[in-house]
Amino acid sequence: MLKHDVVIVGAGLAGLRACVELRKKGIDAIIVSKVYPTRSHSGAAQGGVNAAFDENDSWESHFFDTVKGSDYLGDQDAIEILTSEAPANILELQRMGVVFNRNDLGGIAQRPFGGQSFPRSCYYADAVGHMMLHGLFDNVLKYKTKILYEYFVTSLVVDNGKISGVVAYDIKTGKFEGIAAKAVLFATGGYGQVYSSNTNALINTGDGMAVSIKAGVPLMDMEFVQFHPTTLKSTGILVTEGARGEGAYLLNSLGVRFMSKYAPKAMELAPRDVVARAEQTEINEGRGVDGAILLDVRHLGKERIMERLPQIMQLSIDFEGVNPIYEPIPIRPGMHYSMGGIKTDYNGRTAIEGYYSAGESACVSVHGANRLGGNSLLDTVVFGRRAGIDITEYLKDAAFAKFDESLIKRDEEIFEKLKKSNGKERHGLLKAELQEEMRANVGVFREEKAMKKAVKKIEELKERAKNIGVDDKSKLFNTDIVEAFEFSNILLIAEVIANGAILRKESRGAHYRNDYPERDDENWLKHTLATLGDNGNIKFDFSEVSITKFKPQPRTY
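Calculation criteria
All residue numbers refer to positions counted from 1 along the written sequence of the respective chain. Totals for whole chains, interfaces and linings use all residues, but because this is a predicted model, local features are given only for residues with pLDDT of at least 70 and pairs of side-chain atoms are given and counted only at 80 or more. Computation of side-chain values covers all heavy atoms of the structure but excludes hydrogens and water. Only runs of H or I of at least four residues qualify as helices and only runs of E of at least two qualify as strands under DSSP, and these elements are numbered from the N terminus. Note on exposure labels: buried denotes an accessible area under 20% of the residue type's maximum, exposed denotes more than 50%, and partly exposed covers the range between, all computed with a 1.4 Å probe on protein chains only. Should any heavy atoms of two residues lie within 4.5 Å, those residues are counted as being in contact. Note on areas: Shrake-Rupley, 1.4 Å probe, and residue coverage restricted to the protein chains presented here. Centres within 6.5 Å are what make two rings of Phe, Tyr or Trp a pair, Trp counting through its six-membered ring; a difference in plane orientation under 30 degrees is then read as stacked, over 60 as edge-to-face, and the rest as tilted. Working rule: Lys NZ or Arg CZ, within 6 Å of ring centre, within 35 degrees of ring normal, means a charge sits over the ring. For this document, the term salt bridge refers to a Lys or Arg side-chain nitrogen within 4 Å of an Asp or Glu carboxyl oxygen. Two strands pair under a simple rule: DSSP has to find at least two bridges between them. UniProt positions are given in the numbering used here, feature names are shortened, and annotations may be inferred rather than shown by experiment. Two N or O atoms form a polar contact when they lie within 3.5 Å of each other; inside protein one atom must be a possible hydrogen donor and the other a possible acceptor, and for residues adjacent in sequence the pair counts only when both atoms belong to side chains.

Let us look at the overall build of the protein. The helix and strand inventory of the protein stands at 17 helices and 21 strands. If one aligns the C-alpha atoms of the protein with their principal axes, the spans along those axes are about 65 × 50 × 50 Å. Taken over 557 residues, the protein has a buried fraction of 62%. The contacts in the protein between residues at least 6 apart in sequence include a share of 73% that link residues at least 24 apart. When the accessible area of the protein is evaluated, it comes to approximately 20,800 Å², of which 50% is carbon and sulfur surface.

Here the focus is the packing of aromatic side chains. Here the structure, examined in full by the defined rule, presents 15 aromatic pairs. Aromatic side chains Tyr-36 and Tyr-149 sit 5.0 Å apart centroid to centroid with 85° between the ring planes, which places their arrangement in the edge-to-face category. Of this pair, Tyr-36 sits in the loop between strand S2 (29-33) and strand S3 (49-50) while Tyr-149 sits in strand S6 (residues 147-149); the two residues are 113 residues apart in sequence, bridging distant segments of the chain. Here Tyr-149 falls in the partly exposed class, since its relative accessible area comes to 33%. Judged by centre distance (5.2 Å) and plane angle (85°), the ring pair of Phe-186 and Tyr-355 falls under edge-to-face. Taken together, the positions of Phe-186 in strand S9 (residues 175-186) and Tyr-355 in strand S16 (residues 355-357) put the pair 169 residues apart, joining distant regions of the chain. Judged by its relative accessible area of 1%, Phe-186 falls in the buried class. Clustering of aromatic rings is evident, with ring pairs tying together Trp-59, Phe-63, Phe-64 and Phe-550. One residue, Lys-172, lies across the ring of Tyr-149, its end atom 5.2 Å from the ring centre. Above the ring of Trp-524, the side-chain terminus of Lys-526 is found at 5.1 Å from the ring centroid.

Right, let's talk about the pattern of salt bridges for a bit. Any two side chains of opposite charge can pair, given that their charged atoms come close. All told, the structure shown has 54 salt bridges when counted by the stated rule. In this structure, the salt-bridge partner of Asp-390 is Arg-349, at a minimum N-O distance of 2.5 Å. Residue Asp-390 is located in helix H12 (residues 375-395), and its partner Arg-349 is located in the loop between strand S15 (341-343) and S16; the two are separated by 41 residues in the primary sequence. When the shortest N-O distance is used, the salt bridge between Glu-460 and Lys-457 registers 3.4 Å.

Across the sheet, which stays open at both edges, the 5 strands sit in the order S17-S15-S10-S20-S21 with mixed pairing between neighbours. Two strands bound the open sheet, and with one partner strand each, they are strand S17 (362-363) and strand S21 (538-544). Across 7 bridges, the pairing between strand S20 (residues 526-532) and S21 is antiparallel. When the bridges of S21 are listed, Leu-529 appears paired with Asp-541.

Working definition: the strands of a sheet are paired by backbone hydrogen bonds and lie parallel or antiparallel to each other. Here we have 3 strands laid out as an open sheet, ordered S3-S5-S4, and antiparallel in their pairing. On the outer flanks of this sheet lie S3 and strand S4 (110-111), each paired with one strand and no other. As defined by bridge partners, S3 adjoins strand S5 (residues 121-122) across 2 bridges and the pair is classed as antiparallel. Paired with Asn-50 across the strands is Ser-121, a residue of S5.

Time to look at the pairing of strand S14 (residues 329-338). Judged by how many residues are buried, S14 sits mostly within the fold: 9 of 10 residues are covered. Two strands pair when backbone bridges link them, and strand S11 (residues 225-232) and S14 are joined in this way by 6 bridges, in the antiparallel orientation. Note that in S14 the partner of Leu-232 across the bridge is Ile-331. Two elements, strand S13 (residues 293-296) and S14, share 3 bridges in a ladder whose sense is antiparallel. Counted as the bridge partner of Leu-294 is Pro-330 from S14.

Looking now at the UniProt feature "active site" (unreviewed entry) in the protein. Feature annotation in UniProt places "active site" (unreviewed entry) on Arg-272, given in this structure's numbering. Owing to a relative accessible area of 5%, Arg-272 belongs among the buried residues under this scheme. Apart from the residues within four sequence positions on either side, Arg-272 is in contact with Phe-113, Gln-226, Phe-227, His-228, Pro-229, Glu-241, His-336, Asn-370, Arg-371 and Gly-373. Of note is the side chain of Arg-272, whose polar atom sits 2.4 Å from the side chain of Glu-241.

Further remarks concern the side chain of Asn-139. Mapping Asn-139 onto the fold places it in helix H5 (residues 128-142). Residue Asn-139 is classed as buried on the basis of its relative accessible area, which comes to 6%. Polar contacts involving the side chain of Asn-139 include one to the main-chain carbonyl oxygen of Gly-135, which spans 2.8 Å. Setting aside chain neighbours within four positions, we find Asn-139 in contact with Val-20 and Met-96.

All right, on to the environment of Leu-492 then. Note on placement: Leu-492 falls in helix H16 (residues 479-503). When the C-alpha atoms of Leu-492 and Tyr-516 are compared, they prove to be 26 Å apart, with 24 residues separating the residues in sequence. When neighbours within four sequence positions are excluded, Leu-492 is seen to be in contact with Ala-210, Ile-213, Lys-214 and Leu-532.

Written out as structure tokens, the structure is:
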């Protein structure tokens, strides 16, 4: 069995940022990742990372914009940390070697993003996530960090409320390993594969959230799912909000900039929940173009498109057959981000001693009911860093807890049983049915009858999943069996999302119910906390929202 002081699961921005903080202090921290680190989904982030740098801007303004963007569900103490620490975090990344576009004075260039009252998104063309991921990975390598990649973590190991380590499956060899640790950090990303038409990588199957709720850690605000307004019609590939930040228009089939009807001041730069609903309304009412809306950047000119938006230009050509220099891009809303996740405090601590989470897998509650563009990358570096610092302090008095090695055998037997199964169901087909059900009935617009239909479908799929068989019976690189387990994770996460969405009888941020169209602060200004009961059913509890400076107001743009 392996033994290290700290195990970081996930090698995206939050995991790498925490790792740098630990390794530069000489702490024995390793990374365990399902893929090689530079394949982590953080690299797909395109548009920007927010921080108030301009002398006419302020972190207090960023603070208010984020609270308002969250539809007042974000915890204001956490948002104050996020926004006040933003500039120092970005400058620190720059010192580590992360490159940003420059303005005319030589400072970091910034572009407007939705829901922000000032242009404060720092960018590198339309590939800032790629740049940040490689910059942080360079630093992790500099500290000669041990990395176990192509490892799939199946369980947390806990002893009397204290973390002992994890159980992991080495995809390359088919061997299970126990990894004992004094502290564990999950930075395992989101669950985009719960939905069809999503912007997420295939690896985003909510594994960390599923493993956590099984271990008794609450998941918070899981009903809040972000649908990005601009994803390619045919594939769901992301088209950065930076396009609208550069001045792109949204047009319906009549050639009208329809956002004047939904957000007359902000127009295309309203927050994502507002723009996604506006687009879907235009499509539903017959003013779409073949089930899509048009994103028009032609007026920006060839030179600016090629300088600021080269990636989306190429993606549009390759996957949609459209050159945006000459034609508008057909786009539609697609699942993009989870506002909810593993409940943590603002140092990444969870309900289990020594167990931490950061990044999209966590819910510090800085995004509340709707995340503003450019705040997710900021979340990863601010709270990844803070988790690394807190773990350093925690280790001063921490010791290894007892590691129950029978759990390694248990997980191995579950895999072997599945591998030997000749069941008639196939995880890929079941996954497609689940994804389409969630898109259709727990999507941009929601209502009780449709969501209950989705829950019924999930129950049906849970039964059918007991009869899954895998075709690959081999030991090495058996991705068939890994994907079967990933399916069990997204099925559990879908169940939490759908039941949480039925429970919350109001409309707030990205959670819009046709049968309860108004925000209800009197009854629903609170977080939902999902756990599993002894019978495996989902239970919900509630916690208060931290409101420190800004009382809830009507949210208009």
